[in-house]
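Results of the structural survey
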Amino acid sequence: MEITVSSSSCCIMLHPVIILFFLNALLCMWVHCNAQSAFSTPIIQLRLAGDKRKQHEGRVEVFYNGQWGTVCDDDFSFSAAQVVCRELGYIGAESWSPSAKYGRGEGHIWLDNLHCSGSERSLAQCQSNGFGVSDCKHSEDVGVVCSQTRIPGYQFIRTYGHDEAVTVQVEDVRIRATYSHRKRIPITEGFLEVKDGGKWRQICNEDWTMMNTRVICGMYGFPGEKRFNDRPYKLLAKRRKKNFWGFSINCSGNESDLSECKLGREVELKGNSTCAKGMPVVVSCVPGRAFAPSVSVGFRKAYRVEQPLVRLKGGAMIGEGRVEVLKNGVWGTVCDDNWNIRAATVVCRELGFGSAKEAMTGARLGQGIGPVHMNEVECSGFEKSLTECYFNRDALGCSHNEDAAVKCNVPAMGFQNKLRLGGGRNPYEGRVEVLTERNGSLVWGTVCSNSWGTIEAMVVCRQLGLGFASLAFQETWYWQGDPAADKVVMSGVRCSGTELTLDQCLHHGKHINCPGGGGRLSAGVSCTATAPDLVLNAQAVEQTSYLEDRPMYALECAMEENCLSSSAHNALASAYRRLFRFSSQIHNNGKSDFRPVASHQSWVWHECHRHFHSMEVFTHYDLMSLNGSKVAEGHKASFCLEDTYCEDGIQKKYECANYGAQGITVGCWDTYRHDIDCQWIDITDVPPGDYVLQIVINPNYEVAESDYTNNILKCQCRYDGHRIWTYNCHIGGSLSSETEDTFPGLLTNQLSRR
């Protein structure tokens, strides 16, 4: 090699070959550095797995290097949870959980000691020990709960060369009905489209199965799928511009949401030539009984519906509630041990709804009564009934604090668009305004407040998706609604409480009759997310019932309060009355305190009990013959409501002494002992025989509750003229309908005709 040094310029002259060598080396270094910067952050895929109770929660799992693994909870933070949820297409996180709350994962623990600022676009950009470098066990797997709201227009990153374990991630899903089907409610059939990157796209049906359709139908609130005539859809697809999604989908059929299905093979996108051997996917679903078009109304009325084995209680909306199971003629609850979204979906489909939105635990929708029939339920997802799932019959250790509940997907019926609340201080209250047809056009108007009550208000709140009714108003002059909607368009409204919409209730139709109940006196409501639920203790009635013969001179106070039968008015002071005594122990099993409607100023002082009564009629006692006719003149008992006792850890709030606040706290009970005045039925004139004792609390729906069927208690009684036996006491709705029919009397707490 020749190097020439010039003394005049002090420069080193290099051979051209050497210069070329150095340039190549620099170029390689530049390419290598850029490649490192481009690929230093690995492309990963995330999913939420494990024992999920909702779609947007679960154990965080990472797909890296061809395998799924978990994330350790060491140094994990809410900022890291935010990154996880945004990478999954949600707007953010709600919370995160350590210590494998959603079960222990398997395989690698890919990330440990994560430090995120919250601004990273991927979890792989956060600082960590490096992929696969961890000293954790799967007992430390982290989980997150994401917001339900998706990021609009989010483009999901997919790892190419993925395996079959990668799940489907799209922004939204819809069934797009053809023009002729768009006016049908609910929409049960149409082209399936997914939204990805802000654009709606069709799916090629070459790899599509009925199991995929089953999952889609479940998401839309339908329990089943059916086949359809594809000829009109083929003709329509030929005329439409195609915009296919780049993947197929593989569902096993027991998933509750498309996000649980596996991503199938990649579809080669070739414009209108894509999916040449097929067409866009079409789904056709079967609606449940409550949402099916009422073609066979006459048939339904002619034949009695078979007694269900599973029901939902205590929910504000249709398709949600505490899960109860019928066994040996007695309704009982399900313990939440191992309760998950797959078991919840079996319940939802069995009852005519779609898949489950949420599997709820910890008596979130109130505590039930009676036995706990099922524990540690495990379902495959294909069972026709929850009773077909594997379960542990031993419920030792389970209490009603662990009652399982569900929220199901229900079809979009558009009910909330036909009703609104006007003038309220918040979205949960206001004057009820109804959209109705008058003279060929749709107009808003008010509802006549004559006969308006709590049951009607319950239907309104349910229709609007606002929960339970807390109050029903017959005057709304203080709420300034839409002046154009002042005219009364609905009157004579009477609901049973089971209706989905207000116009399903009995009403006058087009023949409005509202003397003095419109305008400033229009109907109004106030809604709330939770409600109390009062239940009588049946065992306490059985154990405390007995007879007492008491002289009239000791019953003067009771006479003033009409606690004796009418024959007592003509009785001598030395005469005796025979009193059937028992205790009333009333529990609040709901999710909010039971409070009287009346204000302090309207409470009535009762000399007998030496305190104020906040509810003038709180219970009603009756003794009936076996054919349902009254044999003893029952009476209305007024109460002072207070917390006599509470469960461990619950503080008493209400007491009658010193003009205190009245009510019954959640988890507490009010006891009216058998030895106080008026806690009886006067049976002086009743002959010996077999009878039925009926006790009704909160009669005529005066205070809103989540469930009124359990406001009634019935007992069988045998009176031989000297003694009385009380047995087979049970709460309304706790027995099968066949057994309940053998007990005469009320089925609801509505005593008086409205």
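To keep things clear, this report deals only with the structure shown in the data block. Model, not experiment: these values are computed from the prediction. (Residues numbered from 1 in each chain as written. Predicted model: local features only at pLDDT ≥ 70, side-chain atom pairs only at ≥ 80, totals over all residues. Heavy atoms only, no water.)

Counting buried residues along helix H6 (residues 341–350), 8 of its 10 residues qualify, which places the element largely inside the surrounding structure. With a side-chain oxygen lying 3.2 Å from the backbone nitrogen of Arg-342, the N-terminal cap of H6 falls on Asn-340. Trailing H6 by a residue or two, Gly-352 shows a phi angle of about 90 degrees, which is positive. (Buried < 20%, exposed > 50% of the residue type's maximum accessible area, 1.4 Å probe, protein only. Helix = DSSP H or I, 4+ residues; strand = E, 2+ residues; numbered from the N terminus. Polar contact = N/O pair within 3.5 Å; in protein donor to acceptor, adjacent residues only side chain to side chain.)

Considering all chains together, one arrives at 18 aromatic pairs under this definition. Ring geometry for Phe-473 and Trp-479: centres 5.0 Å apart, planes at 80 degrees, overall edge-to-face. The exposure class assigned to Phe-473 is buried, which follows from its relative accessible area of 18%. In this structure Trp-479 comes out as buried when scored by relative accessible area, which is 7%. Where Phe-582 meets Tyr-621, the ring centres are 5.1 Å apart and the plane angle is 85 degrees; that geometry is what we call edge-to-face. (Phe/Tyr/Trp six-rings, centres within 6.5 Å; stacked < 30°, edge-to-face > 60°.)

Moving on, we get to the state of the cysteines. Applying the stated criterion to the full structure yields 15 disulfides. Each sulfur of the disulfide joining Cys-85 and Cys-146 lies 2.0 Å from the other. Residues Cys-85 and Cys-146 are joined by a disulfide whose S-S torsion is about -85 degrees; by sign, that bridge is left-handed. Residue Cys-85 is found in helix H2 (residues 78–87), and its partner Cys-146 is found in strand E8 (residues 143–146); the two are separated by 61 residues along the sequence. Cys-85 gets classed as buried once you look at its relative accessible area, which sits at 0%. Each disulfide pairs two cysteine sulfurs, and for Cys-116 the partner residue is Cys-126, the sulfurs being separated by 2.1 Å. One disulfide, between Cys-116 and Cys-126, carries an S-S torsion of 115 degrees and so falls in the right-handed class. Linking Cys-116 in the loop between strand E7 (108–111) and E8 with Cys-126 in the loop between E7 and E8, this pair joins segments that are 10 residues apart in sequence. (Disulfide = S-S within 2.5 Å.)

Phe-580, Leu-623, Ile-681 and Leu-693 are the most contacted members of the largest nonpolar core, which totals 35 residues. Every element with two or more residues in this core is listed here: strand E29 (534–536), helix H8 (538–544), strand E35 (615–624), strand E36 (630–639), strand E40 (689–697), strand E41 (712–719) and strand E42 (724–731). By size, the runner-up hydrophobic cluster in this structure holds 30 residues, among which are Val-489, Met-490, Val-525 and Tyr-701. (Core = buried A, V, L, I, M, F, W, Y, C linked by side-chain atoms within 4.5 Å.)

The next subject is the sheet that holds strand E37 (residues 645–646). Pairing is antiparallel across the open sheet formed by 4 strands, whose spatial order is E29-E32-E38-E37. Edge strands, defined here as strands with exactly one partner in the open sheet, are E29 and E37. Of the pairings in the sheet, the one linking E37 to strand E38 (residues 668–672) comprises 2 bridges and is antiparallel in character. Paired with Tyr-645 across the bridge in E38 is Trp-669. (Pairing = 2+ DSSP bridges.)

Oppositely charged side chains can pair when the atoms bearing their charge come close. Going through the model one piece at a time under the given rule, you end up with 29 salt bridges. Arg-47 serves as the salt-bridge partner of Glu-61, at 2.8 Å between the closest nitrogen and oxygen. With a gap of 14 residues between them, Glu-61 in strand E4 (residues 57–64) and Arg-47 in strand E3 (residues 45–49) connect regions that are remote in the sequence. Under the relative-accessibility criterion, Arg-47 is labelled buried at 18%. Connected via shared salt-bridge partners are Arg-420, Arg-431, Glu-433, Asp-482 and Asp-486. (Salt bridge = Lys/Arg side-chain N within 4 Å of Asp/Glu carboxyl O.)

Quick look at the pairing of E40 now. Side chains on a regular strand alternate between the two faces of the sheet. E40 sits mainly inside the fold: 7 of its 9 residues count as buried. Sheet analysis places E35 next to E40, joined by 6 bridges and oriented antiparallel. Across the sheet, His-620 pairs through a bridge with Val-696, a residue of E40. Summarising the sheet, E40 and E41 pair through 8 bridges and their orientation is antiparallel. Residue pairing across strands places Leu-693 opposite Cys-715, the latter belonging to E41.

Any functional reading would require information beyond the geometric quantities listed.
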